[in-house]
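# Reading the structure
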Amino acid sequence: MMSPVSKITFTDFKGIRKGDVDLERFTILIGRNNSGKSSVLEALFLLPIPNRETPYGDALSTIRSLHDTLESRSFSFLLKDYISEECRVEYIMRRGVRAVFSCAPVDGAIDAEMSWFKGQNRAASMRLRLGERPELLHPRVHEVSEIRKRLKSLGVPETLLIHPGLVQAGWDYIQAHWERVTQRGLDREVARELSRLVGGNYVGMTLEPLLKKKISLNLQDEEGRRIRLGDLGDGAQILATVMLLVQLTRPNLLLWDDLEAHMNPQLLTFTLRWLDELAVGGVQVVASTHSLEVLRYASQLLSDREWFGVRLLTLRDGELKPIPLTRDQLDELLAAGVDVRVAEALL
């Protein structure tokens, strides 16, 4: 049984000097730019193992790719102001399970450690040297599979991060694993879901060559007719990519940065309903947004869910402070119609 992350605590991690955030089964993070939303999602993406392979590459290098500037490919972005002596993230889960990620500069490099606990007992640990790529220092490579089994028995969640900067890498992963998609019938499952969005009765998906050696992803109906997802807009393609990635990787914790990117109102409503279905099925969802429309639709669709919550994040002098929004505060914010990035001043 998966143990949802109920709280995450930070010390000198990225732009956060200190702070913590309580999480529900379905949590939406809002706040101005640089208020810590992406940092929360990226920290959660380090679970269950920070150097594991994901659809985009190993998790740590994937996060670094979102912060690469010019020729800089260092992991020093993990440290507060790039120079703190140590960073630390603690994850509190149900059933007495917790994990701790830490990193510190050592001899011109950065060493990282992840430890997992059950109660007061350390269940497992791992040490890494963060150079060009994360290098495993301990345990030996063949012992990592045993750690994964142990973490699975503890219920430490498998995570998947959705980010506008990772969509192309996710799409490349789907193409590389298309045979697996079709053999497991995942294309049919996603086609049925998307039929609710675009109308019609689509029974499968196809990958077909297009001009200039590009590949087209299509929906296929019972009579073999196809409709290119590209003709439905970027939002539909992104949603199809996310759905296929979720089917392929089966995360217990889905993280979505900038949920509203390329989404029109119909797509947003559909996506929130789909995420609600995932949450009902036991998947924990944490998403960030700048969009008032996301909050409006979420308020309409999810307000009766006891496990749904909105957190307004503020970051001042490096201190992260989340404000759990009550239903009255959410209604006040929606009635004012202001940009969610200035919600702190309003409330």
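Structure: see above.
Keep in mind it's a predicted model, so treat the numbers as computed, not measured.

### Points about the nonpolar core
Counting residues in each nonpolar core, the largest one holds 113 residues, and the members touching the most others are Tyr-91, Phe-101 and Met-205. With residues near it in sequence (within four places) discarded, Met-205 still touches Trp-178, Asp-187, Val-190, Ala-191, Leu-194, Leu-217, Asn-218, Leu-219, Leu-229, Ala-240 and Leu-244.

### Regarding the pattern of salt bridges
The final tally for this structure, using the stated rule, is 21 salt bridges. With a shortest N-O distance of 2.5 Å, Glu-193 and Arg-196 are connected by a salt bridge. Taken together, the residues span about one helical turn, with Glu-193 and Arg-196 both in helix α6 (residues 186–198) at a distance of three residues. Its relative accessible area of 45% is what places Arg-196 among the partly exposed residues.

### Focus on unusual backbone geometry
For the peptide bond that leads from Leu-47 to Pro-48, omega is -5°, which places it in the cis range. Secondary-structure assignment places Pro-48 in the loop between α1 (37–45) and β4 (53–54). Each neighbour pair has its own omega, and for His-138 with Pro-139 the value is 0°, a cis peptide bond. On the secondary structure map, Pro-139 appears in the loop between β10 (134–138) and α3 (144–154). If you check the backbone angles, Asp-107 has positive phi at about 50° while not being a glycine. Tracing the sequence through the fold places Asp-107 in the loop between β7 (97–106) and β8 (109–118). The class for Asp-107 is exposed, based on a relative accessible area of 80%. In this structure, His-262 is a non-glycine residue whose phi angle is positive, near 65°. Following the sequence through the fold, His-262 ends up in the loop between β15 (253–256) and α8 (265–280).

Cut-offs applied
Residues numbered from 1 in each chain as written. Predicted model: local features only at pLDDT ≥ 70, side-chain atom pairs only at ≥ 80, totals over all residues. Heavy atoms only, no water. Core = buried A, V, L, I, M, F, W, Y, C linked by side-chain atoms within 4.5 Å. Buried < 20%, exposed > 50% of the residue type's maximum accessible area, 1.4 Å probe, protein only. Contact = heavy atoms within 4.5 Å. Salt bridge = Lys/Arg side-chain N within 4 Å of Asp/Glu carboxyl O. Helix = DSSP H or I, 4+ residues; strand = E, 2+ residues; numbered from the N terminus.

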